[in-house]
Amino acid sequence: MTQRAKTDTDSRGTAGGGPPVEHRPAGLTSAEVAERVARGEVNDVPVRSSRSAVDIVRANVFTRFNAIIGVLWVIMLFVAPIQDSLFGFVIVANTGIGIIQELRAKKTLDGLAVIGEAKPTVRRDGTAAELSTSEIVLGDLIELGPGDKVVVDGVVAEADSLEVDESLLTGEADPVVKKPGDPMMSGSFVVAGGGAFTATKVGREAYAAQLAEEASRFTLVHSELRSGISTILKYVTWMMIPTATGLIISQLIVKDTNLKDSIARTVGGIVPMIPEGLVLLTSVAFAIGVVRLGRKQCLVQELPAIEGLARVDVVCLDKTGTLTEGGMDVTALRPLNGSDEPYVRKVLGALGASDPHPNASLQAIIEACPDADGWRCAEALPFSSARKYSGATFDEGGGEESSWLLGAPDVLLAEGDPALAETDHLNEQGLRVLLLARTDRAPGAPGAAEAARPTALVVLEQRLRPDASDTLAYFADQNVATKVISGDNAVSVGAVAGKLDLPGAEHTVDARTLPEDREKMAEVLEENAVFGRVTPQQKRDMVAALQSKGHTVAMTGDGVNDVLALKDADIGVSMGSGSEATRAVAQIVLLNNSFATLPSVVAEGRRVIGNITRVATLFLTKTVYSVLLAVLVVCSQVEYPFLPRHLTLLSTLTIGVPAFFLALAPNKERAKPHFVRRVMRYAIPGGTIAGAATFTTYLLARHHYSGEGALEAETSAATLTLFLVSLWILAIIARPYTWWRLALVATMAGAFLLVLVVPWLQDFFALKLVGTTMPWAAVAIAATGAALLEVAWRWVDRRFPA
């Protein structure tokens, strides 16, 4: 017998379950581990929590729009003054900001991923210790308990009523009982019992390598925002190619003007068609969101999760570990049918010692009741959320043997039993009650619960999270429906919810009475807020039923029984102290185990999505009016009115700088679907009016001015109109107004006025208003355009509601 085995025997006593400790394998020796490391038989799969630095740089630099702008920039550096090449420096700055912000997000995400990383318990040299998954080698003996995830493939070496859920691999929800010699699939997780298995496949050979890498990768997929922007950019590209081609022909061939000036004006027409800043700003907004949440110990495993929570309108909460703290206290022990309390305490102590992986309830019992010296556990049945009870058979010494069950009174007691009335009374006070019952059958035998005789009620009190009430109030204020879904007694759950002032807590529903039909179940779910005695499969069905009614559902939880629902919900949120299985399937992990962090995540998502929708309208309005101006120029066979420097100035003051501030502003509005339609319904009329007003001013100016310097005067008048109309679009987008939004719009107007009055800025940007008639005509046309914008956008709101 190894020294470790001897130590285990001494520490656990004789009441422990499972095989005798003397027969437990000691695992690999240090020398054997060193051999395997030298042979490369290590589970060293690089599981990335974020994109690599190289990927981030490549994604931000090598884009098709940067390529187009880069070529145009190089051309402009050769044919025009430096001020006509400013657009290139803006792109460099924007790209640099995007890279820096994503690198900051990567650093935050990587650091948090290490904190939240699973550490399997590996037995080596007879000693069990937690190791990183990357330290596991071929042949390692890995211990398992409820909630533990199987991180590599292997074969069962020890099994103590071991039940494994392989639903993430096979789709089969029923747990699989594992015995020594059975295969263990990486990606599955333990739902009951315990044991150990020997690693037979590590590294890239194990299926876990693919699962883990896929689960924790810094992804940008399955996002309506991202896919919507991609769709917009695709159409923009299609519009840009023929328009740009026509503009090039018009300016270089049809118009017999100075070659360098023609090239400059052609580039000036092409560059603003590209909404390059929209992609970069979206990346920056997401990245800043990750950093902000990271500071609050919230690990975002997939970026779209931020967007998803912004769209959530129903949050399903598991009571235990979410509304209540993990710890519990035994507040009373009530013997039934003349039972002797000291004997009952012995039984409870023995039950506590029989389970090597006690849950919160059993841990409270262990602390309240000492171990039963002299009792030996002959058979143990771990607690299962589907079964609602645990049990064990003991040799009490002197030839006495007894079998016991510990679990939910309403499951173990027959209907109408007097003890149920007392249980209901306690549950109404928000207390949790377990029944200790004696049975004539083995705990795992069929009919063991039916043969149970009540012996005592164990009364436990859960500790409420101090921040739970405020969090529930936040969701109510944000029009997000809260559903408390728990495996506990419905009345008890309702009492806890009532203490937290949850609306509808007084009307609780026992999930065993829920209809199986999805549509009827959805109706009950929409009408009620508190549900008890919910099985793991029912949690999954309830999520699906809510989704069938068009709801976007977030599910929180920390236990194994929450995994199926977390996996199926639109957004899964796990506590950091929860089981490895829940952390693996959740998109968001609250590493500080604080449910109060969730409003921050929702708020961050709404801020990102709402603000990106706002600023996208600015970017795409510019694209629309740029394409329209180019088409009108080609059809009219006139010089393009703007040089690149003019549109760089306009873009900076009416889009670039304001968009940055607007994208980072608070925004509590729930994200709405149909991103492309919502953006384009404003961008198309806005861009059309801006383009038409600008071209009208330009044509009037062409008839008004003549002689040397006429083109510069015409350009200045057209620039004034376009700026004023664009500024009004910004003013509309900035609503509802706050002091800083008004200050932002006023500052942009002041900056443009500064360019018009400061001589060296006039020269730098080639902007000088000539006379008074045409400038005031430009202002009048812009005012007309602003009035049309107000009318058009109000009509759009009525005709095409979001």
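Note that the structure is predicted; figures quoted are calculated from it, not measured.

Engineer: Looking at this model, I keep getting lost on the confidence of the model for the protein. Mind explaining?
Structural biologist: Any region with low pLDDT has predicted coordinates that should not be read closely. Scored by pLDDT, the protein comes out at a mean of 80, with 85% of its residues at no less than 70. Here helix α1 (residues 3-12) is the element of the protein with the lowest mean pLDDT, 34, and helix α27 (residues 739-757) is the one with the highest, 93. Taken as a whole, residues 1-22 scores under 50 in pLDDT and shows 35 contacts with residues more than four places along the chain or in a different chain. Scored below 50 in pLDDT, residues 211-221 makes 36 contacts in the model with residues more than four places away or belonging to other chains.

Engineer: Which parts of the structure should I look at to understand unusual backbone geometry?
Structural biologist: It is generally the case that most residues other than glycine have a negative phi and that most peptide bonds are trans. The amide bond that connects Arg 735 to the next residue, Pro 736, takes the cis arrangement and shows omega of -5°. Tracing the chain through its elements places Pro 736 in the loop between α26 (710-733) and α27. For Asp 501, which is not glycine, the phi dihedral falls at a positive 60°. Note on placement: Asp 501 falls in the loop between α18 (490-499) and β17 (508-510). Classification of Asp 501 by relative accessible area gives exposed; the value is 63%.

Engineer: What is the right way to look at the nonpolar core in this model?
Structural biologist: As a rule of thumb, soluble globular proteins bury nonpolar side chains together. One finds Leu 309, Ile 588 and Phe 752 to be the most contacted residues of the largest nonpolar core, which totals 121 residues. The element best represented in this core is helix α23 (residues 598-636), accounting for 16 residues. Among residues more than four places away in sequence, those in contact with Leu 309 are Ala 554, Ile 571, Ile 588, Leu 598, Val 601 and Val 602. With 24 residues, the next largest nonpolar core counts Met 521, Leu 525, Val 534 and Val 543 among its residues.

Engineer: Where do I start with α18 in this structure?
Structural biologist: One turn of the α-helix equals 3.6 residues, which is why residues spaced by three or four share an orientation. Most of α18 is tucked away: seven of the ten residues are buried. Turning to α18, its buried residues are Ala 490, Ser 492, Val 493, Gly 494, Ala 495, Val 496 and Ala 497. Asp 501 sits one or two positions beyond α18 and adopts a positive phi of about 60°.

Engineer: In this structure, what is going on with the pattern of salt bridges? I would like to understand it.
Structural biologist: A side chain of one charge can pair with a side chain of the opposite charge when the charged atoms of the two come close. In this structure the tally under the stated criterion is 17 salt bridges. Of the charged contacts in the structure, one is a salt bridge between Glu 143 and Arg 123, with a shortest N-O distance of 2.8 Å. Within this pair, whereas Glu 143 is found in strand β3 (residues 141-144), its partner Arg 123 is found in strand β1 (residues 121-124), the two being separated by 20 residues in sequence. Just as Glu 143 is buried, Arg 123 falls in that class too. One salt bridge connects Asp 510 with Arg 512, and the closest N-O pair in it is separated by 2.9 Å. Given the relative accessible area of 21%, Asp 510 is considered partly exposed. Judged by relative accessible area, which is 46%, Arg 512 ranks as partly exposed. Taken together, the salt bridges that share partners define one network made up of Asp 410, Asp 510, Arg 512 and Arg 533.

Engineer: Would you mind going over the packing of aromatic side chains with me for this structure?
Structural biologist: When we look at a pair of aromatic rings, we describe it by the centre distance and by the angle of the planes. What the rule picks out here adds up to eight aromatic pairs. The interplanar angle of 70° and the centroid separation of 5.7 Å between the aromatic rings of Tyr 474 and Phe 475 together place this pair among those described as edge-to-face. An aromatic cluster of three or more residues is present, and its members are Tyr 343, Trp 375, Phe 394 and Trp 404.

Engineer: How should I be thinking about the pairing of strand β20 (residues 571-575) in this particular structure?
Structural biologist: For a regular strand, the rule is simple: side chains alternate between the two faces of the sheet. Among the five residues that make up β20, five are buried, leaving the element largely enclosed by the rest of the structure. Residue alternation in β20 divides its side chains into two sets, Ile 571, Val 573 and Met 575 and Gly 572 and Ser 574, and both sets are buried. Taken together, the four bridges between strand β19 (residues 553-557) and β20 define a ladder with parallel strand orientation. Across the sheet, residue Ala 554 finds its bridge partner in β20, namely Ile 571. Note: β20 against strand β21 (residues 588-590), three bridges, orientation parallel. Counted as the bridge partner of Val 573 is Ile 588 from β21.

Engineer: I'm lost on the environment of Glu 790 in this one. Help?
Structural biologist: The residue Glu 790 is located in helix α29 (residues 773-799) in this model. Judged by relative accessible area, which is 15%, Glu 790 ranks as buried. For the pair Glu 790 and Ile 732, spaced 58 residues apart in sequence, the C-alpha to C-alpha distance is 8.3 Å. Within the local environment of Glu 790, its side chain forms a polar contact with the side chain of Trp 728, the two groups lying 3.0 Å apart.

Cut-offs and rules
Residues numbered from 1 in each chain as written. Predicted model: local features only at pLDDT ≥ 70, side-chain atom pairs only at ≥ 80, totals over all residues. Heavy atoms only, no water. pLDDT = per-residue confidence, 0-100. Helix = DSSP H or I, 4+ residues; strand = E, 2+ residues; numbered from the N terminus. Contact = heavy atoms within 4.5 Å. Buried < 20%, exposed > 50% of the residue type's maximum accessible area, 1.4 Å probe, protein only. Core = buried A, V, L, I, M, F, W, Y, C linked by side-chain atoms within 4.5 Å. Salt bridge = Lys/Arg side-chain N within 4 Å of Asp/Glu carboxyl O. Phe/Tyr/Trp six-rings, centres within 6.5 Å; stacked < 30°, edge-to-face > 60°. Pairing = 2+ DSSP bridges. Polar contact = N/O pair within 3.5 Å; in protein donor to acceptor, adjacent residues only side chain to side chain.

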